[in-house]
Amino acid sequence: MRIVVKVGTSTLTYPTGHLNLRRVESLCRVLSDLKNAGHEIVLVSSGSIGMGVGKLSLPARPTDIPTKQAAAAVGQCELMYTYDRLFSEYRHTVAQILLTGSDFDHADRCFNFQNTVRRLLELGALPVVNENDTVATDEIVIGDNDTLGSIVAVNVGADLLILLSDIDGLYDADPHKDPSARLISVVPEVDERILALGGESGSALGTGGMQTKLFAARRATAAGIDMVIANGADPEKLYDIVEGKPIGTRFLKKAGKEA
Ligand code: GLU
């Protein structure tokens with residue numbers, strides 16, 4: 001299977017902006033193992049701004065564009081250094097790909113991206129994708145990695161998109177406010193009723209929330225790709241997700257659609 005895994009800042013770092021080592025090590029080990037088992041993995045990783053906050057000892061996630069872009073420039077190095085080091089331990093080679101929204105508006109750039117990923121996968125490498133936060137301005141920004149993950153999944157012809165987050169999946173009510181909220185394990189169709197469940201959320205260091213995840217689900221499933229939202233706290237759960245076991249919320253690809 002060709003699998004796109006998106007990890008959010010809240011999965012990778014503590015609220016301080018420093019790396020959650022135990023979790024990142026586990027994530028890299030499991031992804032390496034899935035690669036060893038024959039799956040092709042593309043990782044869409046957030047964390048550049050969050051890790052830049054930690055590395056530059058900023059008091060909080062910046063709100064102004066220059067500091068955000070500076071933090072991203074610092075944090076992206078740290079992020080790739082970490083992945084390179086950890087995946088190397090399992091003999092896997094990472095490749096960095098940084099994209100902006102406008103890359104997907106230009107057919108030639110989009111085609112180049114598809115070709116590069118295809119070649120990297122043929123060469124056995126593990127592409128790690130993020131938004132190019134140091135140059136992304138309002139006009140060209142994708143803005144969140146749930147959206148980026150779904151765009152990447154469609155462009156690389158993935159079989160499965162997995163969004164790892166700090167929430168277990170989609171609930172029928174806001175679990176932070178309503179203790180009787182129940183997890184929805186399968187969504188056969190991302191319709192208006194489902195989209196209406198995407199309230200606002202998000203952590204102090206990351207962006208996104210349920211709404212961006214539901215839009216990502218709509219894009220992926222329409223293109224013939226199953227999508228799962230699951231809690232990234234235990235990366236070992238990826239084994240079960242790949243085997244199709246009921247973890248988190250699975251959005252089923254549109255019938256008759258193949259990626
Ligand atoms: N590209 C941003 C970063 O790496 C993250 C976007 C997101 O959290 O969705 O910090």
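Reference entry: report on the structure contained in this document.

## Re the sheet that holds strand E7 (residues 226–231)
Argument step 1. Pairing is mixed in the open sheet, where eight strands are placed in the order E3-E4-E2-E1-E5-E7-E8-E6. Two strands bound the open sheet, and with one partner strand each, they are strand E3 (94–99) and strand E6 (186–187).
Argument step 2. Across six bridges, strand E5 (residues 160–165) lies against E7 in parallel orientation. Note on E7: the bridge partner recorded for Leu163 is Ile229.

## Some words on the packing of helix H2 (residues 21–36) against helix H4 (residues 65–88)
Argument step 1. Remark: H2 packs on H4, axes separated minimally by 9 Å, with the N-to-C direction vectors making an angle of 55°. Relative to H4, the element H2 is oriented oblique. For the pair H2 and H4, the sense of crossing is right-handed. Here Val24, Glu25, Leu27, Cys28, Leu31 and Ser32 of H2 lie close against H4, whose contacting residues are Thr82, Tyr83, Leu86 and Phe87.
Argument step 2. Along the lines of polarity and charge, the residues of the contact of H2 with H4 split into seven nonpolar, two polar and one charged.

## Topic: the pattern of salt bridges
Argument step 1. According to the stated counting rule, one finds 13 salt bridges in the structure shown.
Argument step 2. Where Arg2 meets Glu40, a salt bridge forms, and the shortest distance between an N and an O atom there is 2.7 Å. One end of the pair, Arg2, is in strand E1 (residues 2–7); the other, Glu40, is in strand E2 (residues 40–45), with 38 residues separating them in the sequence.
Argument step 3. If you follow the salt bridges from partner to partner, you end up with Lys6, Asp146 and Lys213 in one network.

## Thoughts on helix H6 (residues 145–155)
Argument step 1. By the criterion of burial, H6 is predominantly enclosed, with ten of the eleven residues buried.
Argument step 2. Turning to H6, its buried residues number three or more, namely Asn145, Asp146, Thr147, Leu148, Gly149, Ser150, Ile151, Val152, Ala153 and Asn155.
Argument step 3. Its side-chain oxygen at 3.0 Å from the backbone nitrogen of Asp146, Asp144 defines the N-terminal cap of H6.
Argument step 4. Phi for Gly157, located one or two positions after H6, is positive at around 60°.

## What about the packing of aromatic side chains?
A ring pair, where both rings are aromatic, is described by two values, the distance of the centres and the angle of the planes.
Argument step 1. Counted according to the given criterion, the structure contains two aromatic pairs.
Argument step 2. Ring centres 6.0 Å apart and planes at 35° place the aromatic pair Tyr83 and Phe87 in the tilted group. With Tyr83 and Phe87 both in helix H4 and four residues apart, this pair spans about one turn of that helix.
Argument step 3. According to the relative accessible area criterion, Phe87 is buried, its value standing at 0%.
Argument step 4. Relative to Phe113, the ring of Phe104 has its centre 5.7 Å away and its plane inclined at 85°; by these criteria the two rings are edge-to-face.

## Topic: the pairing of E1
Argument step 1. Of all six residues in E1, five are buried; the element is thus mostly enclosed.
Argument step 2. Strand direction decides the pairing type here: E1 and E2, joined by six bridges, are parallel. Looking at the pairing, Val4 lines up with Val42 of E2.
Argument step 3. For E1 and E5, the ladder comprises five bridges, and the chain directions are parallel. Within E5, the residue paired with Val4 across the bridge is Leu161.

## Brief notes about the side chain of Ser46
Argument step 1. With respect to the element layout, Ser46 can be found in the loop between E2 and helix H3 (48–55).
Argument step 2. Residue classification places Ser46 among the buried residues on the basis of a relative accessible area of 10%.
Argument step 3. Polar contacts involving the side chain of Ser46 include one to the side chain of Asn145, which spans 2.8 Å.
Argument step 4. Leaving out residues up to four positions away in the same chain, Ser46 has contacts with Lys6, Val7, Gly8, Thr9, Leu12, Leu79, Asn130 and Asn145.

The rules behind each value
Residues numbered from 1 in each chain as written. Predicted model: local features only at pLDDT ≥ 70, side-chain atom pairs only at ≥ 80, totals over all residues. Heavy atoms only, no water. Pairing = 2+ DSSP bridges. Helix = DSSP H or I, 4+ residues; strand = E, 2+ residues; numbered from the N terminus. Axes fitted to C-alpha atoms, helices over the stretch in contact; angles between N-to-C directions. Parallel < 35°, antiparallel > 145°, perpendicular 65-115°, else oblique. Left-handed = near helix turned anticlockwise from the far one by under 90°. Contact = heavy atoms within 4.5 Å. Nonpolar A, V, L, I, M, F, W, Y, C, P; charged D, E, K, R; others polar. Salt bridge = Lys/Arg side-chain N within 4 Å of Asp/Glu carboxyl O. Buried < 20%, exposed > 50% of the residue type's maximum accessible area, 1.4 Å probe, protein only. Polar contact = N/O pair within 3.5 Å; in protein donor to acceptor, adjacent residues only side chain to side chain. Phe/Tyr/Trp six-rings, centres within 6.5 Å; stacked < 30°, edge-to-face > 60°.

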